[in-house]
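# Structural description and commentary
Chain by chain, the residues run as shown.
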2 protein chains.
Amino acid sequence: MTQNQTQMEKLKDITFYTMDKAIRTYRIFAQKRLRDNGYKITIDQWLIIKAILENPGISQQEIGEKVFKDNASVTRIIELLVKSEYLEREVNQNDRRKSNLKVTVEGKRIIEKVHDLVLENRKTALAGILPEELEILNKTLKRIISNCN
Amino acid sequence: MTQNQTQMEKLKDITFYTMDKAIRTYRIFAQKRLRDNGYKITIDQWLIIKAILENPGISQQEIGEKVFKDNASVTRIIELLVKSEYLEREVNQNDRRKSNLKVTVEGKRIIEKVHDLVLENRKTALAGILPEELEILNKTLKRIISNCN
DNA sequence: AATATTTATTTGATATATCAATTATTGATT
DNA sequence: AATCAATAATTGATATATCAAATAAATATT
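Throughout, a residue's number is its position along its own chain's written sequence, starting from 1. Throughout, the order in which chains and ligands are written sets their labels, letters from A for the former and numbers from 1 for the latter. The predicted origin of the model limits local features to residues at a pLDDT of at least 70 and limits the giving and counting of side-chain atom pairs to 80 or more, whereas totals for whole chains, interfaces and linings rest on all residues. Hydrogens are left out, water is left out, and the side-chain values use all remaining heavy atoms of the structure.

## Remarks on the protein's contact with DNA strand D
Any residue with a non-hydrogen atom lying within 4 Å of a molecule or strand is treated as near it. Residues in close proximity to DNA strand D total 28 residues, the closest being A:Gln60, A:Gln61, A:Arg76, A:Arg97 and B:Lys69. Within the side chain of A:Gln61, a nitrogen or oxygen atom sits 2.3 Å from a phosphate oxygen of DNA strand D. Counted as a polar contact is a pair of N or O atoms within 3.5 Å, where, for protein atoms, one must be capable of donating a hydrogen and the other of accepting one, and residues adjacent in sequence contribute only when both atoms are in side chains. Within the backbone of B:Arg96, an N or O atom sits 3.1 Å from a phosphate oxygen of DNA strand D. Secondary structure counts use DSSP, requiring at least four H or I residues in a row for a helix and at least two E residues in a row for a strand, with both numbered from the N terminus. For the surface near DNA strand D, the secondary structure elements donating two or more residues are helix H1 (3-36), helix H3 (60-67) and helix H4 (71-83) of chain A together with helix H2 (43-54) and helix H4 (71-83) of chain B. Amino acids are sorted into nonpolar (Ala, Val, Leu, Ile, Met, Phe, Trp, Tyr, Cys and Pro), charged (Asp, Glu, Lys and Arg) and polar (every other residue, Gly among them). Tallied by class, the residues present in the surface near DNA strand D amount to 5 nonpolar, 9 polar and 14 charged.

## Topic: the confidence of the model for chain A
Overall, the predicted model of chain A reaches an average pLDDT of 90, with 91% of residues at or above 70. Known as pLDDT, the predictor's confidence for each residue is given on a scale from 0 to 100. Highest mean pLDDT in chain A belongs to H4(A) (97); lowest belongs to H1(A) (79).

## Quick look at the relation of the copies chain B and chain A
Here the second copy of the chain follows from the first by a rotation about an axis and a shift along it. Least-squares superposition aligns the copies on the C-alpha atoms of those residues with pLDDT at or above 70 in both. Superposing chain B onto chain A requires a rotation of 180 degrees together with a translation of 0.0 Å along the rotation axis, leaving an RMSD of 0.0 Å. Here the symmetry operator amounts to a two-fold rotation axis. Measuring from the rotation axis to each C-alpha of chain B, the shortest distance belongs to B:Leu137, at 2.6 Å.

## Let's talk about the side chain of B:Glu133
Relative to the helices and strands, B:Glu133 resides in helix H6 (residues 131-147). We call a residue buried when its accessible area falls under 20% of the maximum for its residue type, exposed when it is over 50%, and partly exposed in between, using a 1.4 Å probe and counting protein chains only. Judged by its relative accessible area of 10%, B:Glu133 is buried. Apart from the residues within four sequence positions on either side, B:Glu133 is in contact with A:Ile136, A:Lys139, A:Thr140 and B:Gly128. It only takes one pair of heavy atoms within 4.5 Å for two residues to be counted as in contact.

## Regarding unusual backbone geometry
All names here are of chain A. The backbone phi angle of Phe68 is positive, close to 55 degrees, even though this residue is not glycine. Here Phe68 is to be found in the loop between H3 and H4. Residue classification places Phe68 among the partly exposed residues on the basis of a relative accessible area of 23%.

## Quick word on the nonpolar core
Side-chain atoms within 4.5 Å are what join buried Ala, Val, Leu, Ile, Met, Phe, Trp, Tyr and Cys residues into a set we call a nonpolar core. With 82 residues, the main nonpolar core has A:Ile63 and B:Ile63 as its most contacted residues. Here the limits of each domain have been adopted from an automatic or database domain assignment. In this structure, this core is formed jointly by two domains, domain 1 (1-36) and domain 2 (42-122) of chain A, each of which donates at least three residues. Excluding residues that lie within four positions of it along the chain, A:Ile63 makes contacts with A:Ile48, A:Ile52, A:Ile58, A:Phe68, A:Val74, A:Ile78 and A:Leu101.

## Observations concerning the domain arrangement of chain A
All names here are of chain A. Domains assigned within chain A are domain 1 (1-36) and domain 2 (42-122). Contacts between the two partners involve 7 residues from domain 1 and, on the opposite side, 9 residues from domain 2. Summed over both partners, the accessible area lost on bringing two parts together, with a 1.4 Å probe, is the buried area. Surface buried jointly by domain 1 and domain 2 totals about 780 Å² across both partners, of which 55% is contributed by carbon and sulfur atoms. On the domain 1 side of the interface with domain 2, the three residues burying the most area are Arg27, Arg33 and Leu34, jointly 60% of the side's total. Basic side-chain nitrogens of Lys or Arg form a salt bridge, by our definition, when they fall within 4 Å of a carboxyl oxygen of Asp or Glu. Connecting domain 1 to domain 2 are 2 salt bridges. Where Arg33 meets Glu120, a salt bridge forms, and the shortest distance between an N and an O atom there is 2.8 Å.

## Regarding the pattern of salt bridges
Residue and element names in this part refer to chain B. What the rule picks out here adds up to 18 salt bridges over all chains. Between Asp44 and Arg27 there is a salt bridge, with the nearest N and O atoms lying 3.1 Å from each other. One end of the pair, Asp44, is in helix H2; the other, Arg27, is in helix H1 (residues 3-36), and 17 residues separate them in sequence. The buried category is assigned to Asp44, whose relative accessible area is 17%. A salt bridge links Glu54 to Lys50; the shortest N-O distance between them is 2.9 Å.

## Re the protein's contact with DNA strand C
Neighbouring DNA strand C are 28 residues, the closest being A:Thr42, B:Gln60, B:Gln61, B:Arg76 and B:Arg97. Contact distances for DNA strand C include 3.4 Å between a phosphate oxygen and a side-chain N or O atom of A:Ser73. Partitioning the surface near DNA strand C into residue classes produces 5 nonpolar, 9 polar and 14 charged.

## Considering the interface of chain B and chain A
The interface is formed by 52 residues belonging to chain B together with 52 residues belonging to chain A. Summing both sides of the interface, chain B and chain A together bury roughly 5400 Å²; the carbon and sulfur share of this comes to 70%. Joining chain B to chain A, the criterion identifies 2 salt bridges. A salt bridge links B:Glu133 to A:Lys139, with the shortest nitrogen-to-oxygen separation between them at 2.5 Å. Joining chain B to chain A, the criterion identifies 16 residue pairs in polar contact (both at pLDDT 80 or more). When residues of the side of chain B that touches chain A are traced back to their parent elements, those giving at least two are H1, helix H3 (60-67), helix H5 (105-125) and H6 of chain B.

Laid out in structure tokens, this is it:
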């Protein structure tokens, strides 16, 4: 076995662990910053409101595809968002299986307020990483996604 | 704003989404392969048994650090592993707050059997990715981790 | 030695993930 | 129109994540 292959094996061994750790570290970091600024919303909830705002009339199924979540998870997150009064839901009269989701004024307000914080978080998290590196990161992640499908 | 900066912004916007999607796609893929091969164990459970095998006498706290999990999660995963009879636990007589964790014969058996499958999964998931790219991936992920701490 | 502090683990509460099964509705088939 | 198949969302069960609080034991302090 060549030196290069040995090194490859080690990297393979840790890549998924490091990926998991990175995304988890970022989540904890971002969530803490939300909490510290007094926002009572989770990152996942924020993502879903944003998806609805940017895609009026979107169905829960489509939300799930967009934010890469299971239908069951979407249902439950939306329940919480309705309870928190960031969303309103009605039965869709064209297709009674679906629901119409509307972001409330309060929901729009929190999305806007949180938006700058999210941008800051991303900036902090990616500080010192070169554009080329970021591109390779994205490209490689996409390759992993397609390899697993 | 230069072209380069604009592009940077877009990449920043999607990087965390793509990371999340990649790790989740891999998890689903790997877990499905375990299930399809008749193994009744989750990836997280497998990781924890492995940590104990490779580090005899390890405490739950240390396990948590190693596999990057909260103490509470470790406690609950270990409960399940004891119930599944892959682990045995006793009170540590040197420090009665800690517990001694021992992998059972059955536990060792499943780790070994699953090991090849895990290697295959990683190979499949990383197919077509160059060593240099993998290195940049790892380096960049580590930078994100340190940036968030 | 008694008290206070620290540490390891557990427990409770709440959110999310995943799969399977169910419900309600719609669209297609006969 | 009645039946069947497909689809959207929900629900149930179980696993994990996260934080805070509680418990129990060890260590440090007075």
